[in-house]
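Observations on the three-dimensional arrangement
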Amino acid sequence: MTTAEVAARDPIEQARALLAAKPDGLIEAIAREAGVSTQAALELLPAEQRLFVAPERFEALWQELASWGTVLFLMHTPDIVLEVEGSLPVGSFGHGYYNIHGDSPIGGHIKAGNCRAIYLVDRATAQGRRACSVQFFNAAGEVMFKIFVRRDASRALLPDQLKRFEGLKTSFV
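Rules of the game
- Residues numbered from 1 in each chain as written.
- Predicted model: local features only at pLDDT ≥ 70, side-chain atom pairs only at ≥ 80, totals over all residues.
- Heavy atoms only, no water.
- Pairing = 2+ DSSP bridges.
- Helix = DSSP H or I, 4+ residues; strand = E, 2+ residues; numbered from the N terminus.
- Axes fitted to C-alpha atoms, helices over the stretch in contact; angles between N-to-C directions.
- Contact = heavy atoms within 4.5 Å.
- Patch = residues over 30% accessible without salt bridge, like charges linked within 9 Å, V, L, I, M, F, W, Y side chains within 5 Å.
- Areas by Shrake-Rupley, 256 points an atom, 1.4 Å probe, with all protein chains shown as cover.
- Salt bridge = Lys/Arg side-chain N within 4 Å of Asp/Glu carboxyl O.
- Buried < 20%, exposed > 50% of the residue type's maximum accessible area, 1.4 Å probe, protein only.

You'll find the chain entered in an unreviewed UniProt entry as Heme utilization cystosolic carrier protein HutX, with Bosea minatitlanensis given as the organism.

Encoded structure:
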């Protein structure tokens with residue numbers, strides 16, 4: 001059986017082949033095309049591009065991210081890619097949710113108990129730029145939401161946030 005035939009029959013191998021063909025491809029799109037979860041596709045990236053953080057660290061990680069100032073909060077579903085810039089309010093647990101409220105456009109109620117994996121993702125975009133994000137995954141292996149290091153007017157990653165992102169790699173992994 002050829003490599004192409006194996007990839008056609010095995011969804012993980014198909015995702016691997018799609019990533020090999022387009023290493024800067026959108027992970028959600030690769031996952032959908034291969035018929036695997038977004039997390040399964042993400043885990044095919046080289047280890048240095050995705051570092052696992054235990055979901056039990058959710059609150060501590062959120063509190064750290066809340067100290068970064070304005071971030072890019074992103075939700076990506078099959079129907080919408082929603083991007084909101086704002087600071088992350090410090091939250092608290094109550095009534096089964098992690099509740100976030102404050103002077104920010106980012107607010108609401110997160111089912112933190114549904115978070116089954118967190119990844120620090122550091123990879124190139126289709127435009128050849130480095131992108132750094134913290135991605136939260138549910139039990140189905142799909143992204144709950146992502147928090148990105150922001151860019152300045154020249155599209156460079158903000159140095160202070162990039163330094164803090166790099167620090168997460170030692171303090172949370």
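1. Structural notes on the sheet that holds strand β7 (residues 117-124)
Spatial strand order, β1-β7-β8-β9-β2-β3: six strands in an open sheet with antiparallel pairing. Strands at the two margins of the open sheet, each flanked by one partner only, are β1 (50-53) and β3 (81-87). Averaged over all pairs of adjacent strands, the angle between their axes in this sheet comes to 25°, without regard to strand direction. One ladder, built from eight bridges, connects β7 with strand β8 (residues 130-137); its direction is antiparallel. Residue Val121 lies in a different strand from β8, and its bridge partner there is Ser133. Helix-sheet contacts for helix α6 (residues 159-171) involve β1, β2 (70-76), β7, β8 and β9 (143-148), and the interaxial angle to β8 is about 50°.

2. Structural notes on a nonpolar patch on the surface
A cluster of nonpolar side chains, contributed by Met75, Ile80 and Leu82, occupies part of the molecular surface with about 240 Å² of accessible area. By secondary structure assignment, the location of Met75 is in strand β2. Here Met75 falls in the partly exposed class, since its relative accessible area comes to 33%.

3. Topic: the sheet that holds strand β4 (residues 91-94)
Taken in spatial order, the three strands line up as β4-β5-β6 in an open sheet, and their pairing is antiparallel. Two strands close off the open sheet at either side, each with one partner strand: β4 and β6 (108-110). Ignoring which end each strand starts from, the neighbouring axes of this sheet average 35° apart. The pairing of β4 with strand β5 (residues 97-100) spans four bridges and is classified as antiparallel. Across the sheet, the residue bridging to Gly94 is Tyr97, located in β5. Lying over the sheet, helix α5 (residues 58-65) contacts β4, β5 and β6, oriented at roughly 10° with respect to β5.

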